[in-house]
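Descriptive analysis of the structure
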Amino acid sequence: MGRLRRAAIRLAPLCFVLSLTTCIEDLTAPGDCPTFCPVGAITIIDTVLTGTVFGDSSYGRPDGYVDPDDAPGLLAVDEPSLSRDSRPIFRTTPLPTRVRVGIDTTTGLVTGVDSLRLSITLFNRDTATHDNLGLTLYRLPLTIDSSTTFADLAGQFSGPPVRTVNLDTLIARAANEDSLLRDPLTGDILVVGATSLTLRLRLDSAQVPLVPADSGRLAFGVRATATPEASVAVGAFESRGGGPVVVWYLKADSAGKTVHPLPQLRSTARPTGFDGFVFLPPPSPIGADLIVGGVPSVRTILRFNIPRAIRDSGRVILATLELIPTTPPVGVPADSFRVIAKSVVADFGAKSPLNESLTDTTIIRIVPVDTIRLNVTNIMISWGLSGALPTTLFLMQQPEGAVFPELRFHSSNDAPYRPRLHVTYAPRYPASIK
Amino acid sequence: MTRRIVFFVVALLAGAFPLAAQNSQFGIQTVGTPGRPESVRSRSLGGAFAAFDAASAIADVALTDVKRLTATAAGWSAIRSVNPVSGKEETLHESRFPLFTLAGPVGPFMVIGGGFSSYLDHSYDLLTHDSTLIRGAMVPYLDENISDGGVTDVRMSLAFKIGPRLAIGAGFHALTGSDRLKAIRIFDSLSVYAPVRDTNVVKHNGFGISASVRLDPFYGVSLVGFVRSDDKLNIKVNEAPRGATDLPLTVGAAVRLILKPGMRVAASVTRSNWSVVGTDSYDTMNWAVGTEFGGSGFALRLGVRGGQFPFGPGGSAPSELAASAGLGRTFAQGHGVLDIGVERLQRSGNGLDEGVWTLMTAFTVRQ
């Protein structure tokens, strides 16, 4: 008994420590259902709500949410089959009359220009549907602005161009030269990026003379051509790549001697300049349809009457807004765009503040469809989580104001074709025991 | 006075711990797994001594052995292997603080006591892979069903010594607790289908009463009879009443023999009509035998118990058989007691076997 007692006393701390070290919680096990699983289970209901949309309207014509002068892309389109023609136009900022001519702060009067380099970025190039993409550069009057129309510039665009470039030829050569090409004949440079092209056109003083009366301001128009049709976008000031930039290689007077000051001056289309595009045909009015996108860009507001069984008790798994188009979106494959659904913080109609963190995005392809399906799952979930949010959303295009195709669909007034909400949800999980 | 403050602090701390019984997969579809309101000492003895143990909440009359203000808190950690017939074995871990008792004499013949113990535990975490049809496509998903909670028995008891050989006890039991039930479904195509997360809070309340009598006909022989009747367990789901579940009547008897100084033997038998709970519930008969060696400073304990578990599929109650052992050590001139124990339980039912290793620890502090 004595030995046993001593052994037990020695063992006791070990058992105590062991009991503490095993003090963990892990009850996770595969469910052996239905015998050893909870009685209730998550169920899924799939329903199409036909009369749920009300108070739907479109806003944005004639003044769009984004007009051509605010668009992130300047559309250069030549699509005869669609009678669509669009030409980017821009005006650069003025140059100073004096520039630094030495390493100190000494300045000299600008007396002329050796050459300049016009840099533009191109994206949304449809490589699959056209060949011989060419860009033609025209001088335009400095009076261009957001009110300038296609017809206003018809004379300038039918005049002699400043330069013409065959981009496809340059691209083919650049492919053999590690994505950066300098054309030895013209001095043009092409940089091929993953999703964009940057073209740096070299222009001499004969092509673009420095006019002191204009303070060095330049206005250009760009026309795209291709076989059979052209569709490309030129980067605007509002785009990530930036808008057109002119780099000046100037001549200046330094104590009676002509010098070539460094660094070169840059002038852009903003903030005091201008960039935009003029196009045909003119935008069609909204009419009785609902519209998303186009130029100028249109947004559509939709209000929903969500059944309480879904909004308050259901857990939304997938919600799809089904729209019946009146006419399909028209364009080339490169015109595919995104439609973004955004919920509103408060419903004030066309000027409702948008909730930027609650969005759903759907990519729209330029193909004929009988029903357009937009994902609105995140927004539906947020409406369920917060009973205070208005059940109103806006549909808008991305990029906004820089894509000609638009969604045009029936409103809730067209009973057979009104917007529908297809909701897949799980009702409240039933807590029950046998 | 200082010691009384310490007692109350210990009581509050113990009340803050999660109280729960040892879980079983057999209890998932029902109200839960019934708790064992036994002290580590009693459980190390198979439960046979529980009716004579003031730190256990089996028989109120056991409080008559309390001579000083005494508080006991118990905890255990369990490693449970679940072996379903149609699946592979899984090992689960859990830790609980299932028991706290506080008792002290009020006059020469009366003892008042109370405390907390686990009445039902309903904790599990189940993962299920399956697929479902959504808009014409089969979509795989993972379901996770989590329950965390149970029902606690809050006890107030009185025990009287009517004479040198007879004592009686009675108690009132308030049953209270809640389960947090979470259901989560995560689809494999997470970019398309939003996950489902739902939580229900199930609240329980009810009450019960207990009574017991102890007879010491001869020196070294003690007999206890006890009965406990629990009413209904009222259920609210997210604060909305959702009916009630009947709770069982439990009757039992125990005998203890002091064979010689330093050697005690006890046996008990208990019957509960758990079948009143509902479908796949059964009446149970449980028995226990245990022996304790040692005196006031040190004790060695051995026990074995068997019987039925009240819930399970297939029309028959799962069976249980357990063996246990433990040590008790008194410190500080009898003011402190450390009890440790280990139990091996084998539970077998239709479709499932469970094996549980349980390591138990308890502290007792006496005035």
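The notes below deal with the structure included here. (Residues numbered from 1 in each chain as written. Chains lettered and ligands numbered in written order. Predicted model: local features only at pLDDT ≥ 70, side-chain atom pairs only at ≥ 80, totals over all residues. Heavy atoms only, no water.)

1. Focus on the environment of Ile171(A)
Residues and elements named next belong to chain A. Mapped onto the elements of the fold, Ile171 is located in helix 3 (residues 167-175). A relative accessible area of 14% means that Ile171 is categorised as buried. Spatially, the C-alpha atoms of Ile171 and Thr93 are 30 Å apart, while their sequence positions differ by 78 residues. Apart from the residues within four sequence positions on either side, Ile171 is in contact with Arg125, Leu190 and Leu197. (Helix = DSSP H or I, 4+ residues; strand = E, 2+ residues; numbered from the N terminus. Buried < 20%, exposed > 50% of the residue type's maximum accessible area, 1.4 Å probe, protein only. Contact = heavy atoms within 4.5 Å.)

2. Considering the pattern of salt bridges
Residue and element names in this part refer to chain B. For the structure shown, the criterion picks out 40 salt bridges over all chains. Note that Asp143 is salt-bridged to Arg185, the shortest N-O span being 2.7 Å. Separated by 42 residues along the polypeptide, Asp143 in strand 6 (residues 137-161) and Arg185 in strand 7 (residues 166-187) bring together distant segments of the chain. The buried category is assigned to Asp143, whose relative accessible area is 9%. In this structure Arg185 comes out as buried when scored by relative accessible area, which is 4%. Two residues, Glu292 and Arg264, come together in a salt bridge whose shortest N-O distance is 3.0 Å. Taken together, the residues Glu292 in strand 14 (residues 284-294) and Arg264 in strand 13 (residues 263-272) connect sequence positions 28 residues apart. For Glu292, a relative accessible area of 2% corresponds to the buried category. (Salt bridge = Lys/Arg side-chain N within 4 Å of Asp/Glu carboxyl O.)

3. A look at the pairing of strand 7 (residues 107-123) of chain A
Residue and element names in this part refer to chain A. Counting buried residues along strand 7, 12 of its 17 residues qualify, which places the element largely inside the surrounding structure. What sits between the antiparallel neighbours strand 6 (residues 98-100) and strand 7 is a turn of six residues. Alignment of strand 7 against strand 15 (residues 245-254), held across eight bridges, turns out to be antiparallel. Looking at the pairing, Leu118 lines up with Val246 of strand 15. As defined by bridge partners, strand 7 adjoins strand 12 (residues 196-204) across nine bridges and the pair is classed as antiparallel. Directly across from Phe123, in strand 12, lies its bridge partner Ser196. (Pairing = 2+ DSSP bridges.)

4. With respect to the interface of chain B and chain A
Between chain B and chain A, the residue contacts involve 64 residues of the former and 49 residues of the latter. Carbon and sulfur atoms supply 63% of the area buried between chain B and chain A, which totals about 4,900 Å² over both sides. Inspection of the chain B/chain A interface yields three salt bridges. The shortest N-O distance in the salt bridge between Arg428(A) and Asp198(B) comes to 3.1 Å. Along the lines of polarity and charge, the residues of the side of chain B that touches chain A split into 30 nonpolar, 21 polar and 13 charged. Bridge analysis of strand 1 (residues 28-30) of chain A against strand 5 (residues 124-134) of chain B gives three bridges, and the strand direction is parallel. (Buried area = accessible area lost by both parts, 1.4 Å probe. Nonpolar A, V, L, I, M, F, W, Y, C, P; charged D, E, K, R; others polar.)

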